[in-house]
Amino acid sequence: MAAGSETFMGLGLLDESSKGVSGTPRVLVLIASVLEKSLQKNEKLLEKSGREDAITIFHGWRSPSLSIRQYIERIFKYARCSNSCFVVAYIYINKFLQRTDSCLTPLNAHRLLITGVMVAAKFLDDECYDNAYYARIGGVSTAEMNRMEMKFLFSLDFQSLCYN
């Protein structure tokens with residue numbers, strides 16, 4: 001086995017051999033864990049500082065009933081995009097949050113995630129679904145999905161390459 005393959009396998013980026021007990025690739029479990037810890041940290045920081053997060057198009061009225069891990073598993077199951085899309089979506093989300101001076105909260109995390117994965121899939125994968133399908137996966141309307149995609153891409157200056 002090549003050294004590169006071992007690295008990818010260790011990160012959970014290879015499809016079949018990197019699945020955990022639940023059938024979810026380890027890299028997705030790791031991303032979910034990092035995002036959930038970030039949510040907890042941000043909630044404490046916002047509460048402690050008394051600051052309120054700026055409301056954006058990505059904010060829902062209430063927190064979804066699905067955990068981040070359940071939501072990632074749902075996206076993985078129905079979107080059938082590569083594991084790499086989730087890694088790149090995580091990078092996109094971080095860039096978005098930095099550029100908009102926002103933070104990840106229970107009200108925006110799910111919408112940022114579905115938008116990031118969709119944009120990453122369009123950039124990375126040979127085949128991907130349309131916005132209406134991703135909207136159904138994410139539990140939002142097609143019009144919302146379209147608006148979120150545009151806001152996301154404009155905030156990233158349409159830079160889909162992951163560098164810097």
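From a predicted model like this one, the values you see are computed outputs, not experimental measurements. (Residues numbered from 1 in each chain as written. Predicted model: local features only at pLDDT ≥ 70, side-chain atom pairs only at ≥ 80, totals over all residues. Heavy atoms only, no water.)

A. Here's a closer look at the pattern of salt bridges. Across all of its chains, the model carries four salt bridges by this definition. Of the charged contacts, one joins Asp157 and Arg99 as a salt bridge, the two residues approaching to 3.1 Å between their closest N and O atoms. With Asp157 in the segment after α7 (142–155) and Arg99 in helix α4 (residues 83–100), this pair connects stretches of sequence that are 58 residues apart. Overall, Arg99 belongs to the partly exposed group, its relative accessible area being 41%. Across the pair Lys122 and Glu149 runs a salt bridge, and its minimum N-O distance is 2.7 Å. With Lys122 in helix α5 (residues 109–124) and Glu149 in helix α7, the pair connects residues that are 27 residues apart, well separated along the chain. With a relative accessible area of 35%, Lys122 lands in the partly exposed category. The exposure class assigned to Glu149 is buried, which follows from its relative accessible area of 10%. (Salt bridge = Lys/Arg side-chain N within 4 Å of Asp/Glu carboxyl O. Helix = DSSP H or I, 4+ residues; strand = E, 2+ residues; numbered from the N terminus. Buried < 20%, exposed > 50% of the residue type's maximum accessible area, 1.4 Å probe, protein only.)

B. Just the nonpolar core, in detail. With 42 residues, the main nonpolar core has Ile72, Ile75, Phe86, Leu113, Tyr134 and Phe152 as its most contacted residues. Among the secondary structure elements, those contributing two or more residues to this core are α2 (26–49), α3 (68–79), α4, α5, α6 (131–138) and α7. Broken down by element, this core gets its largest block of residues, nine residues, from α5. In this view, Ile72 contacts Leu28, Ile31, Ala32, Leu35, Phe86 and Leu113; residues no more than four positions away in its chain are not counted. (Core = buried A, V, L, I, M, F, W, Y, C linked by side-chain atoms within 4.5 Å. Contact = heavy atoms within 4.5 Å.)

C. A look at unusual backbone geometry. The phi torsion at Arg80 lies on the positive side, around 50°, for a residue other than glycine. The class for Arg80 is exposed, based on a relative accessible area of 61%. The backbone of Asp101 sits at a positive phi, close to 55°, despite the residue not being glycine. For Asp101, the position within the fold is in the loop between α4 and α5.

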